[in-house]
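# Descriptive analysis of the structure
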Amino acid sequence: DQQVKQNSPSLSVQEGRISILNCDYTNSMFDYFLWYKKYPAEGPTFLISISSIKDKNEDGRFTVFLNKSAKHLSLHIVPSQPGDSAVYFCAASVTDSWGKLQFGAGTQVVVTP
Amino acid sequence: EPEVTQTPSHQVTQMGQEVILRCVPISNHLYFYWYRQILGQKVEFLVSFYNNEISEKSEIFDDQFSVERPDGSNFTLKIRSTKLEDSAMYFCASEGLAGEGGEQYFGPGTRLTVT
């Protein structure tokens, strides 16, 4: 099941610079998208979400962009901090699917000083 | 800050044995979920639960699996006869609002090892 894809398994970025994480999806029925962050030995932690009626949502250092025509979303983290080093998962759902989230494979982000 | 808790953190069991994984969702939440992540693979949806019944389940969630909310606070996942391929991290999640893919809060997970 490859409905949500994160093609970059890892990303290294310098502290203070921008981190850009990408996610592609194939199911045009998806209408809600989320980003989760996960540290080792912890569960995923919700970061930010966007519904399909918007193309941008911002929360502090985190901004999610949605391009519905390209079936693509991205997460921008500005500025990146060492504490941002974690695995980031993109997830998507369909409104009438009782909350079932489809996850991407994740991108390991390493922020270097 | 309210959080989802899960016990045990690690469960080792022999193939064919029954296991029960326990979760305490956030207290005012109405929607409950189980996901699993096999090592090196994606987080996969197993089941959603609302109003004391299953609302959706995946193909993985076969007759060997069951969920229950026995006392209004705990939410359990039972695997009747474990197989080697059930070895994974199992995450419980809960959500307060619409149950439509909104903000789900995840627990820390239970690592299940089947030998």
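Residues numbered from 1 in each chain as written. Chains lettered and ligands numbered in written order. Predicted model: local features only at pLDDT ≥ 70, side-chain atom pairs only at ≥ 80, totals over all residues. Heavy atoms only, no water.

Counting residues in hydrophobic clusters, the biggest one holds 24 residues, and the most contacted among them are Phe-33, Trp-35, Leu-73, Leu-75 and Tyr-88 of chain A. Where this core is concerned, the elements lending two or more residues are β3 (19–25), β4 (32–38), β5 (45–51), β7 (62–67), β8 (72–77), β9 (86–93) and β11 (107–112) of chain A. When residues no more than four places from it in sequence are discounted, the contact partners of Phe-33 of chain A are Tyr-25, Ile-48, Ser-49, Ile-50, Leu-66, Leu-73, Ala-91 and Ala-92 of chain A. Formed by 22 residues, the second largest nonpolar core is a distinct cluster that contains Ile-26, Phe-49, Leu-112 and Val-114 of chain B. (Core = buried A, V, L, I, M, F, W, Y, C linked by side-chain atoms within 4.5 Å. Buried < 20%, exposed > 50% of the residue type's maximum accessible area, 1.4 Å probe, protein only. Helix = DSSP H or I, 4+ residues; strand = E, 2+ residues; numbered from the N terminus. Contact = heavy atoms within 4.5 Å.)

On to the sheet that holds strand β8 (residues 75–79) of chain B. What links the strands of a sheet is backbone hydrogen bonding, and the strands pair in either a parallel or an antiparallel sense. All names here are of chain B. The antiparallel open sheet is built from 4 strands, whose spatial order is β1-β3-β8-β7. In this open sheet, the two edge strands, each paired with only one partner strand, are β1 (5–7) and β7 (65–68). Taken over all neighbouring pairs, the strand axes of this sheet differ in orientation by 20° on average, direction set aside. Relative to β8, strand β3 (residues 19–24) is paired through 5 bridges, and the arrangement is antiparallel. Bridged to Ile-20 within β8 is Lys-78. (Pairing = 2+ DSSP bridges. Axes fitted to C-alpha atoms, helices over the stretch in contact; angles between N-to-C directions.)

Looking now at the packing of aromatic side chains. A full pass over the atoms with the stated rule returns 18 aromatic pairs over all chains. Geometrically, the ring pair formed by Phe-30 of chain A and Phe-33 of chain A is edge-to-face, given 6.5 Å between the ring centres and 80° between the ring planes. Using a relative accessible area of 5% as the deciding quantity, one classes Phe-30 of chain A as buried. For Phe-33 of chain A, a relative accessible area of 1% corresponds to the buried category. Ring geometry for Phe-32 of chain B versus Phe-75 of chain B: centroids 5.5 Å apart, planes at 40°, classification tilted. Taken together, the positions of Phe-32 of chain B in strand β4 (residues 31–37) and Phe-75 of chain B in strand β8 put the pair 43 residues apart, joining distant regions of the chain. The exposure class assigned to Phe-75 of chain B is buried, which follows from its relative accessible area of 0%. Within the aromatic cluster, the residues linked to one another by ring pairs are Tyr-36, Phe-46, Phe-89 and Phe-103 of chain A together with Tyr-33, Tyr-35, Phe-45, Phe-91 and Phe-106 of chain B. (Phe/Tyr/Trp six-rings, centres within 6.5 Å; stacked < 30°, edge-to-face > 60°.)

Residues and elements named next belong to chain B. A large share of strand β9 (residues 88–95) lies buried, amounting to 8 of its 8 residues. Along β9, one buried face is formed by Ala-88, Tyr-90, Cys-92 and Ser-94 and the opposite face, lined by Met-89, Phe-91, Ala-93 and Glu-95, is buried too. In this sheet, β9 lies alongside β4 in antiparallel orientation, the contact comprising 7 bridges. The partner of Tyr-35 across the bridge, within β9, is Phe-91. Alignment of β9 against strand β11 (residues 110–114), held across 3 bridges, turns out to be antiparallel. Bridge pairing links Tyr-90 to Thr-110 in β11. As defined by bridge partners, β9 adjoins strand β10 (residues 105–106) across 2 bridges and the pair is classed as antiparallel. Across the sheet, the residue bridging to Ala-93 is Phe-106, located in β10.

Nothing here speaks to function; it is geometry throughout.
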